[in-house]
Structures are given as structure tokens and as C-alpha cells.
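Chains, contacts and geometry: an overview
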Amino acid sequence: MTTATPTPAPPVRVLRAPASSVRFGRAEDAAELAELSRPFVRSGALRERPVPLYAARAADFLVAVGPGGRLEGCVGLRVYPAGPAEAGAPAGVLYNFCVAGHRQGCGVGAVLLRSALTRARTRSLGALFTATTGGGRLFQRYGFTSTAACLAPRAWAESLDPGRDARILARTV
């Protein structure tokens, strides 16, 4: 009787989609930004914004662009001047953060968030704030913690919709 020695199975290779590149948003991205955001608006995770607003605020955005040139994710960074409590340092607010469904879990959100943190540092912001209706795990991995809306830029905090029951997260830059 012959005994065969089992051969180990070859390692399983996980194929990941090609990496996205990140660039600044442009006015011509407006329609695609609105399209990318639409599923998140329908779910209640994002506020609806009209295409002309995306065009007007395109410079706020960092966008992840896939190999085919399509937008795969975005995050806006709006800068607010310092109030009396901030001792001269302006603050930023991250908004409209979303990643296309087919790219979620591939690191696109992390790349966007790291890029936004770098942009905040280059703009000498003292703190970053965001509001989330989700768990906020990605933000927490990058040092964001729960905070009170009264510590955020006043104009932004006053614009929040209390009916959405969003958590406010912040971190120093």
C-alpha cells in the first residue's frame, strides 16, 4: 500500500482592483460628484446637493479617480476662519465623504482621508470636524473622537439638521 503525501494547496491570491489616484476636484466634476453621492443621499447618509453647488465648491473636494478615469470617491474639506475660542487657528470640516459601492473595502476611503489630513496640515488648520450618521470607524482609526457641536465652527454647527441625528467627530491636526 502506498501512502501519498498531501501537497499543500497554492496560496489564494486576492485580486484587488487597481489603485485610485487622488487629485483636487474641478468644476467639470460636478455632475459626477452628484452621481457618486446619489446612493448615499437616498440612504440618508448624505444631504442632497445640486450640481451647481458641486461646481461652485469643486475646489473643496479631493477625488479618487479610478484607472478608467471615473470618480470612485470624494471628500470635501471646507475651511472656516477661527473663532474666539480657537486662538487664531482656522478649523476644517470634512463633508460629502463617499466611496462608490464597488470600491468600498478597497482602501479608497482611507486614501481620501489621509489626503484630506495632509491637506488640512498644509493649510495650518487647528482641528477637523465631521458629522456622520454611520459608525465612524474609519474616522476613529485616524484619531477622530466624538465631540460636541458647540466646539465646531459655528456656521457649520448651525447648519446641521437635528433630524438626521448625526454624531460630531473631531481631531486636532
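Relevant structure appears above.
My aim in this report is to walk through the structure given alongside it, one point at a time. Every value quoted in this text rests on a predicted model; they were computed, and no experiment measured them.

The subject of this paragraph is the nonpolar core. Soluble globular proteins tend to pack their nonpolar side chains together in the buried interior. The biggest cluster of nonpolar side chains holds 20 residues, and the ones touching the most others in it are Leu94, Leu112, Leu128 and Phe144. Put simply, the parts of the chain that give this core at least two residues each are β2 (61-65), β3 (71-80), β4 (91-99), α3 (108-122) and α4 (137-141). Sorting elements by how many residues they give to this core places α3 first, with seven residues.

In this section: α3. Between the first and last C-alpha of α3 there are 21 Å, a value that for 15 residues agrees with the 21 Å anticipated at 1.5 Å per step. Where α3 is concerned, the buried positions are Val108, Gly109, Ala110, Leu112, Leu113, Ala116, Leu117, Arg119 and Ala120.

Here we take up helix α1 (residues 30-43). At 3.6 residues per turn, the α-helix brings residues three or four places apart onto the same side. Between the first and last C-alpha of α1 there are 20 Å, a value that for 14 residues agrees with the 20 Å anticipated at 1.5 Å per step. When we look at burial in α1, the residues that qualify are Ala30, Glu32, Leu33, Ala34, Leu36, Ser37 and Phe40. Looking at the buried residues of α1, the elements they touch are α2 (51-56), β2, β3 and β4. Remark: Gly44 follows α1 within two positions and exhibits a positive phi of approximately 90°.

What follows is about the environment of Val173. Position of Val173 relative to the elements: it lies in the segment after β7 (167-172). Between the C-alpha atoms of Val173 and Leu125, which are 48 residues apart in sequence, the distance is 6.3 Å. The contacts of Val173, once residues within four sequence positions are left out, are Leu117, Ala120, Arg121, Leu125, Gly126, Ala127 and Leu128.

Thresholds, definitions, all that
- Residues numbered from 1 in each chain as written.
- Predicted model: local features only at pLDDT ≥ 70, side-chain atom pairs only at ≥ 80, totals over all residues.
- Heavy atoms only, no water.
- Core = buried A, V, L, I, M, F, W, Y, C linked by side-chain atoms within 4.5 Å.
- Buried < 20%, exposed > 50% of the residue type's maximum accessible area, 1.4 Å probe, protein only.
- Helix = DSSP H or I, 4+ residues; strand = E, 2+ residues; numbered from the N terminus.
- Expected span 1.5 Å × (residues − 1).
- Contact = heavy atoms within 4.5 Å.

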